[in-house]
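This is what each chain is made of:
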Amino acid sequence: PSKASGAILPWERAGWEATHERDGDPLGEGGWGVVRPVIHRASGERRALKHPVKEDPDVLARFKREIEVQSQVQHRHVMPILEHDPGHRWFTMPLMDGTLLAAARGMLDEEIARVVLQIAQGLGAAHERGYVHRDVKPSNIFRRARGAHEAADWIIWKLCGVETRN
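Let me begin by describing the structure that accompanies this report. Quantities reported herein were computed from a predicted structural model and do not represent experimental measurements.

1. What to know about the overall build of the chain
- Across its full length, the chain holds 3 helices and 10 strands.
- Going residue by residue from the N terminus, the α and β elements of the chain occur as β-β-β-β-α-β-β-α-α-β-β-β-β.
- In the chain, of all internal contacts separated by at least 6 residues, the share reaching a separation of at least 24 is 57%.
- Total accessible area on the chain stands at roughly 9300 Å², and carbon and sulfur atoms take up 49% of it.

2. Observations concerning the side chain of Thr-92
- Looking at where Thr-92 falls in the secondary structure, it is placed in strand S6 (residues 91–93).
- Among the polar contacts made by the side chain of Thr-92, one reaches the side chain of Arg-47 at a distance of 2.8 Å.
- In this structure Thr-92 touches Trp-16, Arg-47, Ala-48, Leu-49, Pro-80, Ile-81, Leu-82 and Glu-83, once residues within four positions along its chain are discounted.

3. Quick look at the packing of aromatic side chains
- Enumeration over the complete set of coordinates arrives at 3 aromatic pairs.
- Judged by centre distance (5.8 Å) and plane angle (85 degrees), the ring pair of Trp-32 and Phe-63 falls under edge-to-face. A residue pair is termed long-range when its members are at least 10 positions apart, and Trp-32 in the loop between strand S2 (28–29) and strand S3 (33–40) and Phe-63 in helix H1 (residues 57–72) qualify at 31 residues.
- Ring plane angle 85 degrees and centroid distance 5.7 Å describe the contact between Phe-142 and Trp-157, whose orientation is recorded as edge-to-face. On the criterion of sequence distance, the pair formed by Phe-142 in strand S8 (residues 141–144) and Trp-157 in the loop between strand S9 (153–156) and strand S10 (162–164) is long-range, its members being 15 residues apart. The pair formed by Phe-142 and Trp-157 is uniform in burial state, with each residue classed as buried.
- Within the aromatic cluster, the residues linked to one another by ring pairs are Trp-32, Phe-63 and Phe-91.
- It is Lys-50 that lies over the ring of Trp-32; its NZ or CZ is 4.5 Å from the centre.

What counts and what doesn't
- Residues numbered from 1 in each chain as written.
- Predicted model: local features only at pLDDT ≥ 70, side-chain atom pairs only at ≥ 80, totals over all residues.
- Heavy atoms only, no water.
- Helix = DSSP H or I, 4+ residues; strand = E, 2+ residues; numbered from the N terminus.
- Contact = heavy atoms within 4.5 Å.
- Areas by Shrake-Rupley, 256 points an atom, 1.4 Å probe, with all protein chains shown as cover.
- Polar contact = N/O pair within 3.5 Å; in protein donor to acceptor, adjacent residues only side chain to side chain.
- Phe/Tyr/Trp six-rings, centres within 6.5 Å; stacked < 30°, edge-to-face > 60°.
- Buried < 20%, exposed > 50% of the residue type's maximum accessible area, 1.4 Å probe, protein only.
- Lys NZ or Arg CZ within 6 Å of the ring centre and 35° of its normal.

The values are spatial; any link to function lies outside them.
Next comes the structure, spelled out in structure tokens:
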């Protein structure tokens, strides 16, 4: 949702503020959600915040499902939901250092194998909970930097593309 003059956006009530212009360059944007970098006014903590593109019942239902499913599958290689609005109109997650889509060209085979293993572990955690991801692609795989002497972790997200297995 865009901000009307003087209006308070839902996540601003919880202390989050966009670090770019409201209608400026988001980190990512899809058919029903926008991801923006935010900072918490009180703590200074930086995160990524996702919100729906509009207050449509279908969009909000899909957004609610993403929050519920992503929160249920807690694993080192699955993007965590750190905080969300009780009305399911936004959620925060850690800021990542880039996608596999951006990094893959310069990667060695052993690095790519490590990514595949880590994502398989994250997907395995989803499968154990009864979910299958239907949109695994390099733009949905993110890198989280580690210490100077440690390899990066790779994390899958957008488990909204999952279905409960019968």
